[in-house]
Amino acid sequence: MDMVENLPDKNHTVLMDNFFASYNLFKILKDNLMYVVGTVNASRKNLPKLKDDKLILRGEYDWKISNTGIVIYKWKDNKCVYLLSSLHSPKDTGNVNRKSKDGTQKFVSCPNVLIDYHKNMNFVDNFDRLNSDYKLDRKSMKWYLRLIVHFVESAITNAFIIYKEIENMPKLSNKDFHRSIYNDILANKVISIENKFLLSTPKARPSVKSSKKLIVLENIRYKSSAHQPNQTHPT
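Residues numbered from 1 in each chain as written. Predicted model: local features only at pLDDT ≥ 70, side-chain atom pairs only at ≥ 80, totals over all residues. Heavy atoms only, no water.

Sorry, what's going on with the nonpolar core here?
Nonpolar side chains in soluble globular proteins tend to end up buried together. Core analysis: the biggest nonpolar cluster contains 16 residues, and Val-14, Met-16, Phe-26, Leu-29, Val-36, Leu-47 and Leu-84 have the highest contact counts within it. The set of elements that each furnish at least two residues to this core consists of strand S1 (13-16) and helix H1 (23-31). Counting 12 residues, the second-largest nonpolar core is a separate cluster that includes Val-37, Val-71, Val-108 and Tyr-117. (Core = buried A, V, L, I, M, F, W, Y, C linked by side-chain atoms within 4.5 Å. Buried < 20%, exposed > 50% of the residue type's maximum accessible area, 1.4 Å probe, protein only. Helix = DSSP H or I, 4+ residues; strand = E, 2+ residues; numbered from the N terminus.)

Following this line, the structure appears as structure tokens:
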């Protein structure tokens, strides 16, 4: 309610995912002249039971409408999806493109509420998906470290989304984009570490400018490492 405090009585449409959605919230927002659309958890309070999953085929849906004009939908794709809407008519349908198990594409029937939800919530869902691909978060006793890491991850994901919108840029996957950032950040530090190592080794000093890799001296590689086999005389 805090996030929509400036919207009452203006006939705005608010979209949300199942973290927020509930029948009671939809009713309050509708009473304040705000239309609402969103996915919903089927276990939330005051929601009616719909057809069993086994009785619904792919592309079919069941629905019920309350006396306040709020509709709950149960649509089946690979699994069932629940949606709430105070905006759509339950009889309005459309088609979405879906991939079959054999890899072929085909159009599947669905209620219009699903099409509008994906159209308007796509950017939020896309961010969550990309942000979860390569999570850096680790458990820590210091809560602020997790918060800092979250903001870094979010910045990288937003940068990747913007990068894909720029014309004539090389195509990069999410993984490669992450790698390019890490390489750019770490490159100078890695080079400085290499130079310090080389400068501390008299034998390697002349090749500092031309070398880009760490050099391990032969007396370390072949004579001072514990894993090397001992040299023995033939019998």
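After that view, the rundown keeps rolling.
Help me understand the sheet that holds strand S3 (residues 61-65), please; the structure alone is not making it clear to me.
Note: strands within a sheet are paired through backbone hydrogen bonds, in either parallel or antiparallel orientation. On the basis of which strands lie adjacent, the open sheet formed by 5 strands has the order S1-S2-S5-S4-S3 and mixed pairing. Only two strands of the sheet have a single neighbouring strand rather than two, namely S1 and S3. Each strand axis lies, on average, 15° off the axis of its neighbour in the sheet, ignoring direction. Examined bridge by bridge, strand S2 (residues 35-39) and strand S5 (residues 80-85) share 3 bridges and lie antiparallel to one another. When the bridges of S5 are listed, Thr-39 appears paired with Leu-83. (Pairing = 2+ DSSP bridges. Axes fitted to C-alpha atoms, helices over the stretch in contact; angles between N-to-C directions.)

Quick question: what am I supposed to make of the layout of surface pockets here?
Gaps left between atoms show up when a probe the size of a water molecule is rolled over them. The space that makes up the largest pocket amounts to roughly 460 Å³. For the largest pocket, the lining is made up of 19 residues, of which Thr-39, Val-81, Tyr-117, His-118 and Asp-125 are closest to its centre. No other element matches helix H2 (residues 112-133), which puts 6 residues into the lining of the largest pocket. Along the walls of the second largest pocket sit Met-1, Met-3, Val-4, Val-14, Leu-15, Met-16, Asp-17, Phe-20, Leu-25, Leu-29, Met-121 and Val-124, which together make up its complete lining. When residues of the lining of the second largest pocket are traced back to their parent elements, those giving at least two are S1, H1 and H2. Here the lining of the second largest pocket gets 3 residues from one element, more than from any other, and that element is S1. Tallied by class, residues from the lining of the second largest pocket come to 11 nonpolar, no polar and 1 charged. (1 Å grid on protein atoms, 1.4 Å probe; cavity = no way out; pocket = protein on both sides within 12 Å on 5 of 7 lines; lining within 4 Å. Points joined across faces, edges and corners; volume = space filled by probe spheres on them. Nonpolar A, V, L, I, M, F, W, Y, C, P; charged D, E, K, R; others polar.)

When you look at a nonpolar patch on the surface in this model, what are you seeing that I'm missing?
Side chains of Leu-136, Trp-143, Tyr-144, Leu-145, Leu-147, Ile-148, Phe-151 and Val-152 sit close together on the surface and give an oily, nonpolar patch of about 800 Å² of accessible area. Here Leu-147 is to be found in helix H3 (residues 143-165). Judged by relative accessible area, Leu-147 falls into the partly exposed class, the value being 40%. (Patch = residues over 30% accessible without salt bridge, like charges linked within 9 Å, V, L, I, M, F, W, Y side chains within 5 Å. Areas by Shrake-Rupley, 256 points an atom, 1.4 Å probe, with all protein chains shown as cover. Salt bridge = Lys/Arg side-chain N within 4 Å of Asp/Glu carboxyl O.)

Would you explain the pattern of salt bridges in this entry?
Between side chains of opposite charge, a pair can form as their charged atoms come close. All chains considered together, the criterion is met by 5 salt bridges. A salt bridge links Lys-27 to Asp-31, with the nearest nitrogen and oxygen atoms 3.4 Å apart. Placement of the pair is Lys-27 and Asp-31 together in helix H1, with a separation of 4 residues, close to one helical turn. Salt-bridge contacts for Asp-176 lead to Arg-179; the nearest nitrogen and oxygen are separated by 3.8 Å. Taken together, the residues Asp-176 and Arg-179, both in helix H4 (residues 174-199) and 3 residues apart, mark about one turn of the helix. Take Asp-176: its relative accessible area is 33%, and that puts it in the partly exposed class. A residue is classified by how much of its surface remains accessible, and Arg-179, at 47% relative accessible area, is partly exposed.

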